[in-house]
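Listed below are the residues making up each chain.
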Amino acid sequence: EKGGYEHFMLKEMYEQPKAVSDTLNPKHDPHIVDGKIVLNELGMTDEEILKIKKIYIVACGSAYHTGVTGKYVFEGMARIPVEVDLASEFRYRNPILDEGTLVIIISQSGETADSLAALREAKARGIKTLGIVNVVGSSIAREADNVMYTWAGPEIAVATTKAYSTQLIALYLLAMRFSQIRKTVSEEEMEVMIQDLKRLPDQIELLLANKEKIQKFANRYLAAKDVFFIGRGVDFAISLEGSLKLKEISYIHSEAYAAGELKHGTISLIEEGTLVAAVLTQEDLYKKMISNIVEVRTRGAFVMAVTNEGNIEVEKASDYVVYIPQTNSYFTNSLAIIPLQLFSYYVSLGKGCDVDKPRNLAKSVTVE
Ligand code: F6R
């Protein structure tokens, strides 16, 4: 059932090109038609989309991290204010849900107790809800007013990889659809974005082929005590996910930081040899990120940078570089996550941890 792979996690990482492609453009309901984004299954009218004044994205764990990416994408592209919330916080804090608010719940399993409770809370207040769900017919899929499915297929490894990647795609598609209707993006820009979207599966494949290099590098960090992940903008969102992946399966403590926040505390934790994974995919933020890299290296950190092809400046400024192919700046998380997933996997493997079933964790959290 592992199809020749040593672990489900590795198999599922390798299924990402297909999962992403199936979610982008499901055969039974194509989402890209004549250079436009069409989301028939969503069942939201143009009028409803035009009336949205605010979006809440509510989820747990990695699904919450895709929500953080979603905030940057929705606000940047569709110019709709977005608040991202952890389901276990949202449901207990009497959130302000006015008319014109859309609540998006993201969940692979569709059964996470807090996410389901958050959905019910929003519905009870008469607010429109949209579920981004992987398991067809699950509770969240059944109860949300509108559903957008991700097509990752069954995910067995506790640490999510392919479901995470498909949730990102669903958010890009939604943001593009909303932008199209609200006319916040020109037709030309939309065409370019669609071409970039279509290239993602092949680009992910290319990055997966790098696994030996990443394994070699990962093997140097099996005894690490702390690892830090830093980024700005969507790269901050991916730092959150890179950090969670590492700690949940390798039991190495790690933290994600918005790079500009380092000097407000965390930088005191950097010691000689501490690994800092710096993600730099946003051209307008390169300079700021490079100065953050210099800050940590001055204090002895070893910097692994994940950046866009051709970013020579970063190569000079860091100790180890992984390049990702060129894509639209909104979509870079889909590529930058691949080396970070591989890194966590190989650290876990090298340490002899139970990669697919890390201690104390369950695949679907149905308790509150
Ligand atoms: C981490 C992971 C969890 C889930 C979280 C939400 O690798 O898998 O953090 O993302 O428990 O689960 P779903 O998406 O099923 O609601």
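Residues numbered from 1 in each chain as written. Predicted model: local features only at pLDDT ≥ 70, side-chain atom pairs only at ≥ 80, totals over all residues. Heavy atoms only, no water.

**A look at the overall build of the protein chain**
Here is step 1 of the chain: Counting its regular elements, the protein chain contains 14 helices and twelve strands.
Here is step 2 of the chain: The C-alpha atoms of the protein chain give 20 Å as radius of gyration, which agrees with the globular expectation for 368 residues (21 Å, within 12%).
Here is step 3 of the chain: Considering only C-alpha atoms, the protein chain reaches an extent of 55 × 45 × 40 Å along its principal axes.
Here is step 4 of the chain: For the protein chain, the proportion of its 368 residues judged to be buried stands at 58%.
Here is step 5 of the chain: Summarising the internal contacts of the protein chain: among those between residues at least 6 apart in sequence, 74% fall at separations of at least 24.
Here is step 6 of the chain: Approximately 15,100 Å² of the protein chain is accessible, and the part contributed by carbon and sulfur atoms is 50%.
Here is step 7 of the chain: One finds the centroid of the 41 positive side-chain charges in the protein chain at a distance of 2 Å from the centroid of its 49 negative side-chain charges. (Helix = DSSP H or I, 4+ residues; strand = E, 2+ residues; numbered from the N terminus. Rg over C-alpha atoms; globule rule 2.2 N^0.38 Å. Buried < 20%, exposed > 50% of the residue type's maximum accessible area, 1.4 Å probe, protein only. Contact = heavy atoms within 4.5 Å. Areas by Shrake-Rupley, 256 points an atom, 1.4 Å probe, with all protein chains shown as cover. Lys, Arg positive; Asp, Glu negative; His and termini not counted. Charge placed at Lys NZ, Arg CZ, Asp CG, Glu CD.)

**Comments concerning a negative patch on the surface**
Here is step 1 of the chain: A contiguous patch of negative charge on the surface is contributed by E187, E188, E189 and E191.
Here is step 2 of the chain: By relative accessible area, which is 46% here, E189 ends up partly exposed. (Patch = residues over 30% accessible without salt bridge, like charges linked within 9 Å, V, L, I, M, F, W, Y side chains within 5 Å. Salt bridge = Lys/Arg side-chain N within 4 Å of Asp/Glu carboxyl O.)

**A word on the pattern of salt bridges**
Here is step 1 of the chain: This model, assessed by the stated rule, comprises 21 salt bridges.
Here is step 2 of the chain: Ionic pairing is found between E15 and K162, a salt bridge with its closest N-O pair at 2.7 Å. Within this pair, whereas E15 is found in the loop between α1 (8-14) and α2 (16-24), its partner K162 is found in helix α8 (residues 162-182), the two being separated by 147 residues in sequence.
Here is step 3 of the chain: A relative accessible area of 24% means that E15 is categorised as partly exposed.
Here is step 4 of the chain: Residue K162 is classed as buried on the basis of its relative accessible area, which comes to 2%.
Here is step 5 of the chain: Here K54 ties to E83 by a salt bridge, and the two come within 3.0 Å at their closest N and O atoms. Of this pair, K54 sits in strand β3 (residues 54-59) while E83 is found in strand β4 (residues 82-86), placing the two residues 29 residues apart along the sequence.
Here is step 6 of the chain: The exposure class of K54 is partly exposed, given its relative accessible area of 24%.
Here is step 7 of the chain: Exposure remark for E83: the relative accessible area of 31% places this residue in the partly exposed category.
Here is step 8 of the chain: Among the ionic contacts, a cluster of salt bridges with common partners joins K54, E83, D85 and R93.

**Thoughts on the site of the ligand**
Here is step 1 of the chain: The environment of the ligand is formed by 14 residues, the closest being S107, Q108, S109, T112 and E248.
Here is step 2 of the chain: A distance of 3.1 Å is found between an oxygen atom of the ligand and a backbone nitrogen or oxygen belonging to S62.
Here is step 3 of the chain: In this structure, an oxygen atom belonging to the ligand sits 2.5 Å away from a side-chain N or O atom of E248.
Here is step 4 of the chain: Protein chains bury 90% of the 410 Å² of accessible surface belonging to the ligand in isolation.
Here is step 5 of the chain: Looking at the shell around the ligand, the elements that each hand over two or more residues are α4 (61-78) and α11 (234-250).
Here is step 6 of the chain: A class-by-class count of the residues in the shell around the ligand yields five nonpolar, seven polar and two charged. (Near = heavy atom within 4 Å. Polar contact = N/O pair within 3.5 Å; in protein donor to acceptor, adjacent residues only side chain to side chain. Nonpolar A, V, L, I, M, F, W, Y, C, P; charged D, E, K, R; others polar.)

**Details of the packing of aromatic side chains**
Pairs of aromatic rings are described using the distance from one ring centre to the other and the angle between the two planes.
Here is step 1 of the chain: Scanning the entire structure with this criterion turns up eleven aromatic pairs.
Here is step 2 of the chain: Ring geometry for Y172 and F331: centres 4.7 Å apart, planes at 40°, overall tilted. One end of the pair, Y172, is in helix α8; the other, F331, is in the loop between β12 (320-324) and α14 (333-351), and 159 residues separate them in sequence. Of the two residues examined, Y172 and F331, each falls in the buried class.
Here is step 3 of the chain: With 5.4 Å between their ring centres and 50° between their planes, F217 and Y221 make a pair best called tilted.
Here is step 4 of the chain: Residue class for Y221 comes out buried when judged on its relative accessible area of 9%.
Here is step 5 of the chain: One aromatic cluster in this structure is built from F217, Y221, F302, Y320 and F343. (Phe/Tyr/Trp six-rings, centres within 6.5 Å; stacked < 30°, edge-to-face > 60°.)

**Quick look at the sheet that holds β4**
Here is step 1 of the chain: Reading across from one edge, β4-β3-β5-β6-β7 is the order of the five strands in this open sheet, with parallel pairing throughout. Pairing within the sheet leaves two strands with one partner each, and these edge strands are β4 and β7 (146-149). The sheet shows a mean angle of 20° between the axes of neighbouring strands, taken without regard to direction.
Here is step 2 of the chain: Where β3 lies against strand β5 (residues 101-107), five bridges are found, and the strand directions are parallel. (Pairing = 2+ DSSP bridges. Axes fitted to C-alpha atoms, helices over the stretch in contact; angles between N-to-C directions.)

**Quick notes on the pairing of strand β9 (residues 253-258)**
Here is step 1 of the chain: Bridge count for strand β8 (residues 226-231) against β9 is six bridges, and the pairing is parallel. For G231, the partnering residue across the bridge sits in β9 and is A258.
Here is step 2 of the chain: After leaving β8, the chain enters α11 and then returns to the sheet as β9, a path that is right-handed. (Right-handed = clockwise from strand over helix to strand, strands pointing away.)

**Things to note about the pairing of β4**
Here is step 1 of the chain: Both β3 and β4 contribute to a ladder of five bridges, which runs parallel. Directly across from Y56, in β4, lies its bridge partner E83.
Here is step 2 of the chain: As a crossover connection, the stretch from β3 through α4 into β4 is right-handed.

**A look at the nonpolar core**
Here is step 1 of the chain: Counting 89 residues, the largest nonpolar core has I55, F74, I104, L174, F178 and F343 as its most contacted members.
Here is step 2 of the chain: Among the elements that make up this core, the one with the highest residue count is α8 (twelve residues).
Here is step 3 of the chain: Sequence-distant contacts of F178, defined by excluding residues within four places in its chain, comprise M44, I49, I52, I55, F74, A78, I80 and L102.
Here is step 4 of the chain: Counting residues in each nonpolar core, the second largest holds 19 residues, with L262, L280, I293 and V296 among its members. (Core = buried A, V, L, I, M, F, W, Y, C linked by side-chain atoms within 4.5 Å.)

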